[in-house]
Amino acid sequence: MVEGDVFREVEEDLRRERIKALWDRYGGYVLIGALAIILLVGGKQAYDYWTREQARAAGLAYAEAGQLIDEGKAEEGTAALERIAAGSGGYAALAKLRLAALKAKEGAGAEAIALYDEITKAGAGDQAIRTMARFRAAMLSLEANDFTGVKNRLTPLLDASNPWRHSARELVAMAEYKAGDRETAEGHFQEILGDVETPDGLRRRAQTMLELIVRLDAKSPESGATGSSGSAGATAPASQGN
């Protein structure tokens, strides 16, 4: 045996001794760590499976509740929706949305608004569901002549960067108009016309409302000057909308 081979064998023996010593000292921790990783991975997979099953079950329950209502079994369908709404997640928010629509259809506007507000304030479901609930509550408030309620619910959506600003402006302007605040309403209708991203249908409705406001101002005995200024303000955006 050559000298180099002896040194290699000695190094290997030392390495084995070090590994054995490390294992004797830390091997238990290594096993615990490995077991923890296995449990974490297995637990996550089990949780993901449970979550999927819960969502699937909620989706089926929601579909069955809707079918009961469509079949004329309103009491059973409503009870099923209430059970879903008592939970959490997206289907709970959808169930509340459907329950609120049923309340509105029955003429229970205040109860419907309360449910819509609950969806909005609780942050249930995704952003689209919360925004829909906000708009429906505002529309019911407009029907009930609660103009302050309309403005309170939709003012957060009036920002120039908000994608819902167009419809929010229209409803707020209508609330102001119905409340007799034609000057403020005119300003919001002007904003609708001045926004290049305003949909054509909404733009036409805003122009019609501006023309109506101008005619009303012109007929008002104490607002001769106001009527002429309003007319000028309404004419300029009209060309922009076209």
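Residues numbered from 1 in each chain as written. Predicted model: local features only at pLDDT ≥ 70, side-chain atom pairs only at ≥ 80, totals over all residues. Heavy atoms only, no water.

**As for the pattern of salt bridges**
Step number 1: According to the stated counting rule, one finds 11 salt bridges in the structure shown.
Step number 2: The salt bridge partner of R98 is D70, with a shortest N-O separation of 3.6 Å. Of the two residues, R98 is situated in helix α3 (residues 90–105) and D70 in helix α1 (residues 3–70); the sequence distance between them amounts to 28 residues.
Step number 3: The shortest N-O distance in the salt bridge between E191 and R169 comes to 3.5 Å. With a gap of 22 residues between them, E191 in helix α8 (residues 182–194) and R169 in helix α7 (residues 165–178) connect regions that are remote in the sequence.
Step number 4: Note on E191: relative accessible area 39%, which makes it partly exposed. (Salt bridge = Lys/Arg side-chain N within 4 Å of Asp/Glu carboxyl O. Helix = DSSP H or I, 4+ residues; strand = E, 2+ residues; numbered from the N terminus. Buried < 20%, exposed > 50% of the residue type's maximum accessible area, 1.4 Å probe, protein only.)

**Points about the confidence of the model for the chain**
Step number 1: For the chain, per-residue confidence averages 77 on the pLDDT scale, and 67% of positions sit at 70 or higher.
Step number 2: Every residue in residues 224–242 scores below 50 in pLDDT, and together they form 22 contacts with partners more than four places removed in sequence or on other chains. (pLDDT = per-residue confidence, 0-100. Contact = heavy atoms within 4.5 Å.)

**Overview of the packing of aromatic side chains**
Two aromatic rings are characterised by how far apart their centres lie and by the angle between their planes.
Step number 1: Summed over the entire model, instances satisfying the criterion amount to one aromatic pair.
Step number 2: Between F135 and W164, the aromatic rings sit 5.9 Å apart at their centres with planes inclined by 45°, giving tilted as the arrangement. Here the residue F135 occupies a position in helix α5 (residues 127–143), and W164 occupies one in the loop between α6 (147–154) and α7, the gap between them amounting to 29 residues.
Step number 3: F135 gets classed as buried once you look at its relative accessible area, which sits at 9%.
Step number 4: For W164, a relative accessible area of 38% translates into the label partly exposed. (Phe/Tyr/Trp six-rings, centres within 6.5 Å; stacked < 30°, edge-to-face > 60°.)

**Observations concerning the side chain of K96**
Step number 1: Assignment of secondary structure puts K96 in helix α3.
Step number 2: In this structure K96 touches A85, L115, E118 and I119, once residues within four positions along its chain are discounted.

**Concerning helix α2 (residues 74–85)**
Step number 1: Across its 12 residues, α2 extends 16 Å between first and last C-alpha, which sits within 8% of the 16 Å expected from 1.5 Å per residue.
Step number 2: Within α2, burial applies to G77, A80, L81, I84 and A85. Projection of α2 onto a plane perpendicular to its axis shows the buried side chains occupying an angular sector of 140°, all on one side. Exposed positions of α2 whose direction lies more than 90 degrees from the buried face are E75 and R83. (Expected span 1.5 Å × (residues − 1). Arc of directions from axis to C-beta.)

**Points about unusual backbone geometry**
Step number 1: Non-glycine residue N145 carries a positive phi angle of around 60°.
Step number 2: Locating N145 in the fold gives a position in the loop between α5 and α6.
Step number 3: Judged by its relative accessible area of 47%, N145 is partly exposed.

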